[in-house]
Amino acid sequence: MDTGTWREWGADDASEWSSAPGEHDDKYLRGVLGVITGSPDYPGAAVLGVEAAHRTGVGMVRYIGPRAVRRAVLAKRPETVAVAGRVQAWLLGSGMDSANRSFMLAGDLQHALASGHPSVLDAGGLDLVGTHTGPTVITPHARELAHLLLERDVDCSVEQIEDAPAEWAERAARELEVAVLLKGAVTHVCDPEGTRLTVTARTHWLASAGTGDVLGGIIGALAATHHERLAHDAGAITRLAATGAFIHSEAARRASDAVDGGPVVALDIAREVPRVVGGLLRR
Ligand SMILES: NC(=O)C1=CN([C@@H]2O[C@H](COP(=O)(O)OP(=O)(O)OC[C@H]3O[C@@H](n4cnc5c(N)ncnc54)[C@H](OP(=O)(O)O)[C@@H]3O)[C@@H](O)[C@H]2O)[C@@H](O)CC1
Ligand SMILES: Nc1ncnc2c1ncn2[C@@H]1O[C@H](COP(=O)(O)OP(=O)(O)O)[C@@H](O)[C@H]1O
């Protein structure tokens with residue numbers, strides 16, 4: 001497969017997507033992120049995504065999910081509103097099993113994807129790509145992408161994707177007609193229109209459970225904050241997603257630096273996000 005040039009997305013690029021509230025802003029003008037993630041098996045994924053979204057500076061997070069997961073989310077982050085209502089963007093699928101979806105959950109996801117709002121589709125929501133109606137980015141790792149493509153009769157393997165992530169991210173964007181953020185030590189973000197961006201991880205301590213759920217929360221929050229820009233320029237979701245990956249990677253580096261280059265866990269990354277956002281605002 002032949003691919004064009006990929007550009008590394010850096011701090012100057014990401015800073016174009018940082019915005020602080022002004023005197024006329026309120027929580028609704030800042031954007032509300034609707035989150036449908038987590039399950040009784042994986043409540044942590046919901047907690048991590050919601051925590052990261054709050055830390056990125058969104059106006060409000062509305063969480064919709066099973067009672068036990070809701071409790072866990074509220075215990076960690078009582079700022080979350082656990083009542084359905086208007087939102088400006090969606091984060092869907094982290095910590096869910098697409099093969100085990102209740103009727104109610106399927107309805108909630110369908111409603112979200114039919115809303116025309118920007119959405120971030122992760123993990124157990126990836127199979128729903130194609131039913132989206134708003135600007136959308138999917139955020140698979142190599143195994144998830146292989147599964148998704150095989151389901152659509154594209155012959156591929158995890159090994160092939162790991163060996164040539166740029167080529168496969170592009171192929172997936174074309175086949176699925178959606179922006180793709182393929183996670184890895186180098187994250188590839190591209191779309192069918194030809195935008196091709198990379199974000200090289202600043203620390204390999206990112207390779208631990210739950211860090212992808214944090215990434216989903218960051219991108220979801222950015223999508224809610226910038227929903228008006230996305231409404232005028234749907235293709236901008238690719239650059240917005242790369243900005244999310246940049247903030248995530250930089251937050252992980254800071255978290256590791258704070259412990260002399262030692263290990264970080266997913267929540268440590270979320271905790272560093274405000275400092276990264278603050279740094280981008282000062283540029
Ligand atoms: N705190 C939370 O709530 C968290 C929740 N999370 C949520 O979990 C969900 C699933 O996400 P995921 O990426 O793990 O799933 P997936 O791509 O299906 O991988 C399964 C593959 O892994 C393999 N495998 C298993 N064990 C292995 C081993 N020891 N060594 C090597 N291989 C091993 C296994 O292989 P097998 O055992 O079948 O041979 C299979 O192929 C997702 O919704 C995510 O959001 C996560 O973010 C984590 C934190
Ligand atoms: N070896 C690595 N070096 C740096 N970053 C990595 C490495 N492996 C994975 N990552 C990053 O860590 C995160 C892992 O996300 P994901 O695979 O979804 O994990 P989880 O499902 O446990 O949250 C992604 O942001 C990915 O880009």
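Residues numbered from 1 in each chain as written. Chains lettered and ligands numbered in written order. Predicted model: local features only at pLDDT ≥ 70, side-chain atom pairs only at ≥ 80, totals over all residues.

**Digging into the sheet that holds strand 2 (residues 32-36)**
With mixed pairing, the nine strands of this open sheet are ordered in space as 1-9-8-7-6-5-4-2-3. Of all strands in the sheet, those with a lone pairing partner are strand 1 (7-8) and strand 3 (60-63), marking the two edges. Examined bridge by bridge, strand 2 and strand 4 (residues 89-92) share four bridges and lie parallel to one another. Residue pairing in the sheet places L33 in a bridge with A89 of strand 4. Packing against the sheet, helix 5 (residues 103-113) makes contact with strand 2, strand 4 and strand 5 (119-121), and its axis sits at approximately 145 degrees to strand 2. (Pairing = 2+ DSSP bridges. Helix = DSSP H or I, 4+ residues; strand = E, 2+ residues; numbered from the N terminus. Contact = placed C-beta atoms within 7 Å. Axes fitted to C-alpha atoms, helices over the stretch in contact; angles between N-to-C directions.)

**Description of helix 8 (residues 165-176)**
Residue pairs spaced three or four apart in an α-helix point in one direction, given the helix's 3.6 residues per turn. In a regular helix each residue adds 1.5 Å, so 12 residues correspond to 16 Å; helix 8 covers 16 Å between its end C-alpha atoms and thus fits that length. Turning to helix 8, its buried residues number three or more, namely P165, W168, A169, E170, R171, A172, A173 and L176. E177 lies just past helix 8 and shows a positive phi near 55 degrees. (Expected span 1.5 Å × (residues − 1). Buried ≥ 20, exposed ≤ 12 C-beta atoms within 10 Å, placed from the backbone.)

**Focus: the site of ligand 2**
In the neighbourhood of ligand 2, 16 residues make up the surrounding shell, with K183, A185, A201, L206 and G212 lying closest. The leading source of residues in the shell around ligand 2 is helix 9 (residues 211-225), at four residues. Of the residues in the shell around ligand 2, the class split is six nonpolar, eight polar and two charged. (Near = placed C-beta within 6 Å. Nonpolar A, V, L, I, M, F, W, Y, C, P; charged D, E, K, R; others polar.)

**Focus on the site of ligand 1**
Neighbouring ligand 1 are 14 residues; Y42, G44, A45, A123 and A209 lie closest to it. Residue assignment for the shell around ligand 1 shows that the elements contributing at least two residues are helix 3 (43-56), helix 6 (142-151) and helix 9. Of the residues in the shell around ligand 1, the class split is five nonpolar, six polar and three charged.

**Comments concerning the UniProt feature "binding site: AMP" (unreviewed entry) in the protein**
Under the feature "binding site: AMP" (unreviewed entry), the UniProt entry names K183, G184, A185, V186, T187 and G212. Across 30 residues in sequence, these annotated residues keep their C-alpha atoms within 13.4 Å of one another, forming a single compact spot. For A185, the position within the fold is in the loop between strand 7 (179-182) and strand 8 (186-190). The exposed category is assigned to A185, around which 11 C-beta atoms lie within 10 Å. Other than its neighbours up to four places away in sequence, A185 contacts A201 and H204. As for its position among the elements, G212 is in helix 9. Given 23 C-beta atoms within 10 Å, G212 falls into the buried group. Residues in contact with G212, not counting those within four places in the same chain, are H141 and K183. (UniProt positions renumbered as here; feature names shortened; annotations may be inferred.)

**Here's the deal with the pairing of strand 8**
Along strand 8, four of the five residues are buried, which leaves the element largely enclosed by surrounding structure. Bridge count for strand 7 against strand 8 is three bridges, and the pairing is antiparallel. When the bridges of strand 8 are listed, V180 appears paired with C190. Here strand 7 hands over to strand 8 after three residues, the two strands then running antiparallel side by side. As defined by bridge partners, strand 8 adjoins strand 9 (residues 196-200) across five bridges and the pair is classed as antiparallel.

**Observations regarding the environment of A68**
Positionally, A68 belongs in helix 4 (residues 67-76). What makes A68 exposed here is the crowd of 12 C-beta atoms within 10 Å. When sequence neighbours within four positions are dropped, the list of residues in contact with A68 reads P40 and P43.

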